[in-house]
Amino acid sequence: MTRSITALAATCLFLSTDAFAPPKTSQHHRHSPSRNHSSLNDKKKSTTGGGGGGGGFGGGFGTKSSSSSTSSNKKKNSPTRGKSGRADLLSALNDDDASSKKTKAEKSFSRTFVKSEQEQILNDLAARSSTTAIGRAVAKSPHYNTPDMDPFWQLLPSLISTKFPSASDEDLRRVAGMVEHSLGVGKLDEDVVNDPWRPHEELHAYLPGMGETQPFMDPGQLELCRLMSENYEVIKKEYEALLEERFTPRGKDRFQSVTSMNYESGWKTMVLFYNGHRIKDFPYHLCPVTTRILETVPLAGRIAGFNRQQPQSGIPLHSDGNNMWLTCQMGINVPPEIINENGESVPAAHIRVGPETRHWKAGECLLYDTTYEHETFNAHPTEERVVLHVDFFNILKMTKLEIEVLQYIYEMREQFMKAEGVAKVGAQVL
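Once a new chain begins, its residue numbering starts again from 1 and follows that chain's sequence as written. Given that this is a predicted model, residues contribute local features only at a pLDDT of at least 70 and side-chain atom pairs are listed and counted only at 80 or more, while totals for whole chains, interfaces and linings are drawn from all residues. Excluded from the side-chain calculations are hydrogens and water; all other atoms, namely the structure's heavy atoms, are used.

1. Notes on the overall build of the chain
Working step 1: Strands here are runs of E lasting at least two residues and helices are runs of H or I lasting at least four, both read from the DSSP assignment and numbered beginning at the N terminus. Counting secondary structure elements, the chain contains 14 helices and 13 strands.
Working step 2: Between buried and exposed lies partly exposed: a residue is buried under 20% and exposed over 50% of the maximum accessible area for its type, with that area taken using a 1.4 Å probe on protein chains only. Expressed as a percentage of its 430 residues, the buried residues of the chain come to 51%.
Working step 3: For the chain, long-range pairs separated by at least 24 residues make up 76% of all intrachain contacts whose partners lie at least 6 apart in sequence.
Working step 4: Accessibility throughout is a Shrake-Rupley quantity obtained with a 1.4 Å probe, and a residue counts as covered only by protein chains that appear here. In the form shown here, the chain has an accessible surface area of approximately 20,200 Å², with 50% of it arising from carbon and sulfur atoms. Residues are treated as being in contact if the distance between any of their heavy atoms lies within 4.5 Å.

This is the structure we're talking about:
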């Protein structure tokens, strides 16, 4: 029997928390404004304290013990809930809605499955999907089919098989590799491990087989960059309009620091898209051209918006742990040149990615790979630097299907985490 993805996805909103394994923690010497999101293999954030870390996008999560009291209470209140949320999945498969009114004809056509039939449907679906590339990848986890297995990953093969029934194992080969990496059983490609400018130990989301890359790429390869540059004057006017309306009706400044590091570094962002989604109640009518251009690419799970770098400030050295995304920035307001200690006129604002340093120019785009270590600085004493910033899936290296599957996984993971009580969910959902 075929069920729609809606029924299956609904289970991601009601799965139990007691099946979550404690998150692994590590210390790195760099700070990352994009590693503030909650990663794919992160678990439920503790509501009783502990489990810190992370920044404005959700960051760290409590361990199993730190949230045990919450889980215990949920067990008492939900005595019929099965292991790893199976009862909720079965309930979704019922497709029951007490508020809906069916005609006699509809009622005679429909039927309610008894528990044994529900279990059979679930088991059949799981059995079929377990033989797929995604199913085999999930099965490699040492926690597979144990109480310590994150139920999201346990359900993922069924979700993918239902949503993308025509996708072959070869189509999903690299996505399966990403799943393995997220579960801690994957391997990094040699070119990544051997590159001294790409801190591979900081990769939290990794798609294998992406091939050679470089710090900066030719922006002329992308229609996005052409559209941004061609519409620079319009985009700048739209930015100025947003600047005039920067405060919400409640008086909140729309320019926010997405992490504590960004705040300390003088970098604030007016976010137009967050985790690939539009922002509720944002005045998009003030920036229609900018919005349409940003939506021409598959936006990734970080941010798209206007970044302001204050004078005499910069983002410290860091790397972003996701090789599936690229970043494009176009200069909106670029500070004038300054005189250096040698009496030479030099650009005031720069970005270094790996061994290469570039400077922003008004109306021109920089396209780069943030898995390389990178840092920025605006040396001008009084002028700020403003850029239009967009993170998006690597359309140069990934297939359309791979991107669609990854977008779906991110969407389901985000919904799952929100349902589990995560206050803030960000790009590092995966």
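2. Points about the packing of helix α8 (residues 173–182) against helix α14 (residues 400–419)
Working step 1: An axis is simply a line fitted to the C-alpha atoms; with a helix, the fit covers only the stretch in contact. Between two such axes, the angle follows the N-to-C directions and lies from 0 to 180 degrees. Running from N to C, α8 and α14 cross one another at 35°; their axes reach a closest spacing of 9 Å. As for the relative orientation of α8 and α14, their crossing is right-handed in sense. Here Arg174, Val175 and Met178 of α8 lie close against α14, whose contacting residues are Glu402, Val405, Leu406 and Ile409.
Working step 2: All amino acids are sorted into three groups, where Ala, Val, Leu, Ile, Met, Phe, Trp, Tyr, Cys and Pro are nonpolar, Asp, Glu, Lys and Arg are charged, and the leftover types, Gly among them, are polar. Of the residues assigned to the contact of α8 with α14, the class counts are five nonpolar, no polar and two charged. In this scheme the handedness of a crossing depends on how the near helix is turned from the far one: anticlockwise by less than a right angle means left-handed, clockwise means right-handed.

3. With respect to helix α11 (residues 232–244)
Working step 1: With 13 residues, α11 should reach 18 Å at 1.5 Å per residue; the first-to-last C-alpha distance of 18 Å fits that figure.
Working step 2: Residues of α11 that are buried include every one of Tyr232, Ile235, Glu238, Tyr239 and Leu242, and no others. The arc enclosing the buried residues of α11, seen along the axis, measures out at 125°, which places them on a common side. Turned more than 90 degrees off the buried face of α11, the exposed positions are Glu233, Lys237 and Glu244. A helix is expected to span 1.5 Å multiplied by its residue count minus one. Note that the arc is defined by the directions from the helix axis to the C-beta atoms.

4. Let's talk about the side chain of Arg198
Working step 1: Tracing the backbone shows Arg198 in the loop between α9 (190–193) and β1 (216–217).
Working step 2: Judged by its relative accessible area of 6%, Arg198 is buried.
Working step 3: As used in this structure description, the phrase polar contact means that two N or O atoms lie within 3.5 Å; if the pair is within protein, one of them must be able to donate a hydrogen and the other to accept it, and residues adjacent in sequence are counted only when both atoms belong to side chains. Within the local environment of Arg198, its side chain forms a polar contact with the side chain of Thr371, the two groups lying 3.0 Å apart.
Working step 4: When sequence neighbours within four positions are dropped, the list of residues in contact with Arg198 reads Asp191, Val192, Thr213, Asn323, Asp369, Thr371 and Tyr372.

5. Quick word on empty space enclosed by the protein
Working step 1: A cavity, in this analysis, means grid points on a 1 Å lattice covering only the protein atoms where a 1.4 Å probe fits yet has no way out; a pocket is instead an open set bounded by protein on both sides within 12 Å along at least five of seven lines, and a residue lines either one if it has an atom within 4 Å of a point. Grid points are joined across faces, edges and corners, and a volume is the space filled by probe spheres set on the points. A complete count under the given rule lists two cavities of 30 Å³ or more for this structure.
Working step 2: In this model, the second largest cavity occupies a volume close to 110 Å³.
Working step 3: Around the second largest cavity sit 15 residues that line it, and Arg198, Met210, Gly211, Thr213 and Asn323 are the ones nearest its centre.
Working step 4: At the level of secondary structure, the elements contributing two or more residues to the lining of the second largest cavity comprise α9 and β6 (325–333).
Working step 5: Of the residues that constitute the lining of the second largest cavity, the class distribution is six nonpolar, four polar and five charged.

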